[in-house]
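Overview (structure and organization)
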Amino acid sequence: MEKYVINGGVPLHGEITVSGAKNAALAIIPAAILCQDVCTIENLPVSISDVRYMIATLRHIGATVRYVDKSTIEIDSRKVNSYVISHDMTKHLRASYYFIGALLGRFGRARVAMPGGCYLGPRPIDQHIKGFEALGARVSVEENAIVEADSESLFGNPIYLDIVSVGATVNIMLAAARAEGMTIIENAAKEPHIVDLANFLNSMGADVRGAGTDVIKIRGTENLHGCTYSIIPDQIEAGTYMVAAAATKGNVLIKNVIPKHLESISTKLIECGADVTEYDDAIRVSMEKRPGKCNIKTMPHPGFPTDMQPQMAVLLALAEGTSVISESIWSNRFRYTEQLARMGADITVDGQLAMIHGVEQLKGAPVKADDLRAGAAMIIAGLAAQGRTEIEDIMHIRRGYENVVEKISNIGGDIRMVYCIDPLDINNAG
Ligand code: EPZ
């Protein structure tokens, strides 16, 4: 069993470099099987576990994957020969369901076990299925466990999403890239990783227009080819370090970012009293005084991202006054507040609202990472708190933060990973 141990209370100072975007990578990796060729993917966060599982899944269906360097892989999908992906492969992460859209595009059929992933509340896939059916696929879900989709041929069609869904938008784009004719996704998600997927597909010879707006048009083609593509920087990793800089009253230059993607986060940090300076591909965040309160409502892009909500809650837990966070995407994203309470935070949750009464100081404590972003919040809280914090269940954090210990240590944070004996592990029962 591994834990992070943090001795907090040290302001972060220096420079940190953000990795490629996890959620773009998770869409682009399966997209590579839409061609029977070789794709080189650069700026990939190769060492996070979500990416490792996606690469393992590619190999499982017959692709050859070669690590070129620490942020580049080469995917050769000429020998992909299976449209079946078992629960062993999909249980680790949500994005494994992108193989449904990609396999439908490649073979006209897919048999993929239902995905795992962070528990943030119910995560239905009705909009994905609606999209596949609109393209002419027959879709069934066997005993709530396996999605089976097949079609003689896929045809482009208009699809209106009842809910703005990142996952459904991605999955439909993947299948539609090889469908005959034009697919129009209305009420599409507009996140930066949707635009990145569109750019990747276009680099493969696809015709995708409108990504980044709520209407995406995809004219399908059979003739996709390999390409070399560099993934955008991770918006949420960047935002996490921005908040960490502010919460520790530090001064950090965050490099390899697209400042435009960070606007909603920058705006809220400035409202709390931070100084934020934008450069072409970097952003500096500094904070000298106690943060002020602010209210946040999470929204689909370009609104404030739900994936930054737990991290911002830490800053607000230290703010002067009472702030309100309203979570509008996930029904169960406040579990981390119980962990923050162990550190002295004063937060009352009522359904989708959290009232955060700022305290002057957090105190180090043993806590756990309930999910990926909850884990990121625990790291920020540990760095800002006085004393020692131990974070358990760090496998969640390793899903999405590359080299987190090394990166934070380089800007002065006292964080290390320790191995400890799991008392339930009978092999170590003494
Ligand atoms: C993506 O999840 C991200 N994951 C999540 O990031 C992120 O929290 C979320 O988008 C919202 O921004 C990836 O990109 C891999 P959705 P996704 O479909 O695609 C409902 C992180 O920490 N819905 O946009 O699963 C759904 O229940 C992660 O990096 C339906 O009702 O999210 C939710 O309330 C965790 N039916 C809302 O839509 C559907 O068919 C948005 O979900 C699909 C979704």
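Parameters and conventions
- Residues numbered from 1 in each chain as written.
- Predicted model: local features only at pLDDT ≥ 70, side-chain atom pairs only at ≥ 80, totals over all residues.
- Heavy atoms only, no water.
- Helix = DSSP H or I, 4+ residues; strand = E, 2+ residues; numbered from the N terminus.
- Buried < 20%, exposed > 50% of the residue type's maximum accessible area, 1.4 Å probe, protein only.
- Pairing = 2+ DSSP bridges.
- Right-handed = clockwise from strand over helix to strand, strands pointing away.
- Contact = heavy atoms within 4.5 Å.
- Phe/Tyr/Trp six-rings, centres within 6.5 Å; stacked < 30°, edge-to-face > 60°.
- Core = buried A, V, L, I, M, F, W, Y, C linked by side-chain atoms within 4.5 Å.
- Axes fitted to C-alpha atoms, helices over the stretch in contact; angles between N-to-C directions.
- Domains from an automatic or database assignment.
- Buried area = accessible area lost by both parts, 1.4 Å probe.
- Salt bridge = Lys/Arg side-chain N within 4 Å of Asp/Glu carboxyl O.
- Near = heavy atom within 4 Å.
- Polar contact = N/O pair within 3.5 Å; in protein donor to acceptor, adjacent residues only side chain to side chain.
- Parallel < 35°, antiparallel > 145°, perpendicular 65-115°, else oblique.
- Nonpolar A, V, L, I, M, F, W, Y, C, P; charged D, E, K, R; others polar.

1. Re unusual backbone geometry
In this chain, His301 is followed by Pro302 through a cis amide linkage whose omega measures 10°. The phi dihedral of Asn403 is positive, around 45°, even though this residue is not glycine. If you trace the backbone, Asn403 turns up in the loop between α13 (395-398) and α14 (404-410).

2. Overview of the pairing of strand β11 (residues 182-186)
Burial along β11 is one-sided: Thr183 and Ile185 are buried, and none of Met182, Ile184 and Glu186, which face the opposite way, are. When strand β10 (residues 158-160) meets β11, the two strands line up parallel, connected through three bridges. Counted as the bridge partner of Ile159 is Ile185 from β11. Once you follow β10 into helix α6 (residues 166-176) and on to β11, the crossover reads as right-handed. One ladder, built from five bridges, connects β11 with strand β13 (residues 215-219); its direction is antiparallel. Along β13, the bridge assignment pairs Glu186 with Val215.

3. Concerning helix α1 (residues 22-31)
α1 sits mainly inside the fold: nine of its ten residues count as buried. Turning to α1, its buried residues number three or more, namely Lys22, Ala24, Ala25, Leu26, Ala27, Ile28, Ile29, Pro30 and Ala31.

4. Side note on the sheet that holds strand β20 (residues 346-350)
Strands sit in the order β18-β19-β21-β20 across an open sheet of four strands; the sheet is mixed. Edge strands, defined here as strands with exactly one partner in the open sheet, are β18 (296-297) and β20. In this structure, β20 lies alongside strand β21 (residues 353-357), joined through five bridges in antiparallel fashion. Bridge pairing in β21 links Asp350 to Leu353.

5. Observations regarding the side chain of Asp50
Examined against the element boundaries, Asp50 turns out to sit in helix α2 (residues 49-60). Apart from residues no more than four positions distant in its own chain, Asp50 is found in contact with Lys22, Leu26, Leu93 and Arg399.

6. Overview of the packing of aromatic side chains
Going through the model one piece at a time under the given rule, you end up with three aromatic pairs. A ring pair is formed by Phe334 and Tyr336, whose centres lie 6.4 Å apart and whose planes are at 50°; its orientation type is tilted. You'll find Phe334 and Tyr336 in the same group, each marked buried.

7. Thoughts on the nonpolar core
Of all hydrophobic cores here, the largest spans 78 residues; its most connected members are Ile41, Leu44, Met173, Leu197, Phe200, Leu201 and Met204. For Met173, the residues in contact, after removing those within four places along its chain, are Ile185, Ile194, Leu197, Ala198, Leu201, Val208, Ile216 and Ile218. Formed by 70 residues, the second largest nonpolar core is a distinct cluster that contains Tyr4, Met242, Ala365 and Ala376.

8. Some points on the sheet that holds strand β1 (residues 2-8)
Here we have four strands laid out as an open sheet, ordered β22-β23-β1-β24, and mixed in their pairing. Each edge of the open sheet is held by one strand with a lone partner, namely β22 (366-368) and β24 (414-419). Strand-to-strand twist in this sheet, taken as the mean axis angle between neighbours without regard to direction, amounts to 25°. In this structure, β22 lies alongside strand β23 (residues 387-392), joined through three bridges in parallel fashion. What sits directly across from Pro366, in β23, is Glu390. This element, helix α12 (residues 372-384), spans β1, β22, β23 and β24 of the sheet and lies at about 35° to β1.

9. Describing the domain arrangement of the chain
Each assigned domain of the chain is listed here: domain 1 (2-12 + 291-426) and domain 2 (22-230). Here domain 1 and domain 2 have C-alpha centroids that lie 31 Å from each other. With 19 residues of domain 1 in contact, the opposing surface of domain 2 contributes 22 residues. Between domain 1 and domain 2, the buried area comes to about 1600 Å², and carbon and sulfur atoms account for 52% of it. Taken together, the links from domain 1 to domain 2 amount to one salt bridge.

10. A few points about the site of the ligand
Close to the ligand lie 25 residues; Ser165, Val166, Asp307, Ile329 and Arg373 are nearest. One of the side-chain nitrogen or oxygen atoms of Tyr97 is found 3.3 Å away from an oxygen atom of the ligand. Every element with two or more residues in the shell around the ligand is listed here: α1, α5 (126-134), α6 and α12. The dominant element in the shell around the ligand, judged by the number of residues it contributes, is α5, at three residues.

11. Brief notes about the packing of α6 against helix α7 (residues 192-203)
As a packed pair, α6 and α7 sit with axes 10 Å apart at the nearest point and diverge in direction by 10°. Considering the angle they form, α6 stands roughly parallel to α7. Across from Val166, Thr169, Val170, Met173 and Leu174 in α6, the residues of α7 making contact are His193, Ile194, Leu197, Ala198 and Leu201. Of the residues assigned to the contact of α6 with α7, the class counts are eight nonpolar, two polar and no charged.

12. Thoughts on the environment of Gln309
Inspection of the secondary structure puts Gln309 in helix α10 (residues 309-317). Between the C-alpha atom of Gln309 and that of Ala381, which follows or precedes it by 72 residues, the distance is 13 Å. Among all residues touching Gln309, those that are not within four sequence positions of it are Thr298, Phe304, Ile325, Glu327, Arg333, Phe334 and Tyr336. Within the structure, Gln309 has its side chain in polar contact with the side chain of Tyr336 (distance 2.4 Å).

13. What about the pairing of strand β7 (residues 109-113)?
The sheet contact formed by strand β6 (residues 84-85) and β7 spans two bridges and is parallel. In the sheet register, Val84 faces β7, and the bridge partner there is Arg111. By the bridge criterion, five bridges tie β7 to strand β9 (residues 146-150) in an arrangement that is antiparallel. Bridging from a neighbouring strand, Arg109 pairs with Asp150 of β9.

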